[in-house]
Amino acid sequence: MLVLGIESSCDETGVALYDSETHTCSHVLHSQIALHAAFGGVVPELASRDHIKKILPLINKLLSETGRELSDIDAIAYTRGPGLMGALWIGASLAHTLAWSLDRPLIGVHHMEGHLLAPMLEAESPSFPFLALLVSGGHTQIVRVDDFGKYEILGQTIDDAAGEAFDKIGKVLALPFPGGPSLAKLAEQGKPGQFKLTRPMLDRPGLTLSFSGLKTQTIQAWRNSNQTDQDKANLAWSFQDTVVETLTQKMKRAMLETDIKHLVVAGGVGANRALRARLGTLAESMGGAVFYPRPEFCTDNGAMIAYAGWARLQRGERTSAHTIDVLPRWSMEAI
Ligand code: KG4
Ligand code: ZN
């Protein structure tokens, strides 16, 4: 079965073809980073307009690169939510139009389920049950995954997402947009331990996370420093270390509580090398393993949507092609 996946929930237009017979995925992507950089954050209306411009040329590119035609597509999957209303609408309306005109099955996919299942596209993929750390610009969640579609959120942030905190600190430090990868790069030049930041929520039991207080503390530390280039790198190191250590400690708690030793890390912040290293050490020390999507499938992409859509179609699920609906806010537990 050949499934077309369409992702347009935020600032990446991604389309992909998942071939279930060969278990391979071809994808093309257009990132809007340059478009939003001048504003220091994603501008929803500009995002929607750009998705409209890019989505059809991207599908044509995907088809020509893979030597396929529209009529070869057996089913269509699209991101139904969560995300920006207008941006979701572009992918959803195209998916509905294609499904209706080609007379193919359609399936709406939860964006975070896409991230969560993305490691399944790799040669070394996890088996159920596993614990997933979903860390993106909009989400920070620890999820227990007992089976496909069986998701229990064990803990999540009560305020900022980890990626959002990276982005905001990046902005305060005047780093290139988006702040996450820029700050991670700068942290490599930082000296450890020069700024002492409090690891949030570690003094309390449970798996709840919070990054807003850390963000305020980091901004204060910057204002109280001499603001030299080395201060900036040192603060980037301390901030990254605090986020990474907090996430790692919470994952350790979740592993001990559930006795599940396999971890999946997905979402944009999953590309962070310090986080990967620390979680790798943790999993190894607990006799488990950690699984990641390849870096290009960590951030938003159409491949994860095509694959998650295929998995749902296999279970007999369908979305009607007659009424277009998107869910900008949508809990994973409500799928
Ligand atoms: O999953 P994603 O592409 O989009 C959302 O669904 O949010 O995640 C984007 C987020 C941004 O906040 C970005 O700054 C962050 O992931 N990010 C990183 C790194 N690469 C991307 N954060 C920390 N370190 C990185 N290397
Ligand atoms: Zn995402």
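Look a little higher up for the structure.
Calculation notes
- Sequence order as written defines the numbering, with residues in each chain counted from 1.
- Here the convention is simple: chains get letters from A, ligands get numbers from 1, in the order in which they are written.
- Restriction of local features to residues with pLDDT of at least 70 applies here, the model being predicted, together with a cutoff of 80 or more for giving and counting side-chain atom pairs; totals for whole chains, interfaces and linings are based on all residues.
- With hydrogens and water set aside, each side-chain value is computed from the structure's full complement of heavy atoms.
- Only a pair of cysteine sulfur atoms within 2.5 Å qualifies as a disulfide here.
- Atoms are scored as donors when they are N, O or S and lie within 2.8 Å of the metal, with 3.2 Å used for Na, K and Ca; no water is included, so coordination may look incomplete.
- Only DSSP runs of H or I with at least four residues qualify as helices, and only runs of E with at least two residues qualify as strands; both kinds are numbered from the N terminus onward.
- For the exposure calls, accessible area comes from a 1.4 Å probe over protein chains only, and a residue counts as buried if that area is under 20% of its type's maximum, exposed if over 50%, partly exposed in between.
- One heavy atom within 4 Å of a molecule or strand is enough for the residue carrying it to be called near that molecule or strand.
- Definition of a polar contact: a pair of N or O atoms within 3.5 Å, with one able to donate and the other able to accept a hydrogen when the atoms are protein atoms, and with sequence-neighbouring residues admitted only if both atoms are side-chain atoms.
- Accessible surface area values rest on a Shrake-Rupley calculation with a 1.4 Å probe, where residue burial reflects the displayed protein chains alone.
- Asp, Glu, Lys and Arg are counted as charged, while Ala, Val, Leu, Ile, Met, Phe, Trp, Tyr, Cys and Pro are counted as nonpolar; the rest, among them Gly, fall into the polar class.
- Whether two aromatic rings pair depends on their centres lying within 6.5 Å, for rings of Phe, Tyr and Trp, where Trp uses its six-membered ring; planes under 30 degrees apart make the pair stacked, over 60 edge-to-face, and the rest tilted.
- Either the NZ atom of lysine or the CZ atom of arginine qualifies as a charge over a ring when it sits within 6 Å of the ring centre and within 35 degrees of the ring normal.

A. Here's a closer look at the state of the cysteines. Tallied over the entire structure, the rule returns zero disulfides. Free cysteine cysteine 298: the closest other cysteine sulfur is in cysteine 25, separated by 15 Å.

B. Quick look at the coordination of the zinc ion (ligand 2). Ligation of the zinc ion (ligand 2) by protein atoms is provided by His111 (NE2), His115 (NE2) and Asp300 (OD), these donors lying 2.1 to 2.2 Å from the ion. Mapped onto the polypeptide sequence, the residues donating to the zinc ion (ligand 2) form the spacing pattern H-x3-H-x184-D. Placement of the pair is histidine 111 and histidine 115 together in helix 4 (residues 111-117), with a separation of four residues, close to one helical turn. Given a relative accessible area of 7%, histidine 111 falls into the buried group.

C. Molecular detail of the site of ligand 1. Around ligand 1 there are 19 residues in total, and Gly137, Asp167, Gly180, Gly268 and Asn272 lie nearest to it. With respect to ligand 1, the backbone of glycine 163 contributes an N or O atom lying 3.2 Å from an oxygen atom. Glycine 180 is positioned such that a nitrogen or oxygen atom in its backbone is 3.2 Å from an oxygen atom of ligand 1. Notes on ligand 1: free accessible area 560 Å², of which the protein chains cover 87%. Mapped onto the shell around ligand 1, the elements with two or more residues apiece are helix 4, helix 5 (162-172) and helix 6 (179-187). Tallied by class, the residues present in the shell around ligand 1 amount to six nonpolar, 11 polar and two charged.

D. Representation of the packing of aromatic side chains within the structure. In this structure the tally under the stated criterion is five aromatic pairs. With 5.8 Å between their ring centres and 35° between their planes, tyrosine 307 and tryptophan 310 make a pair best called tilted. In this pair, tyrosine 307 and tryptophan 310 are both assigned in helix 10 (residues 303-314), three residues apart and thus about one turn of the helix distant. Each member of the pair, tyrosine 307 as well as tryptophan 310, is classed as buried. Three or more aromatic residues joined by ring pairs make a cluster, and in this case those are Tyr18, Tyr307 and Trp310. The ring of tryptophan 330 has arginine 80 sitting right over it, with the charged end atom 5.1 Å from the ring centre.

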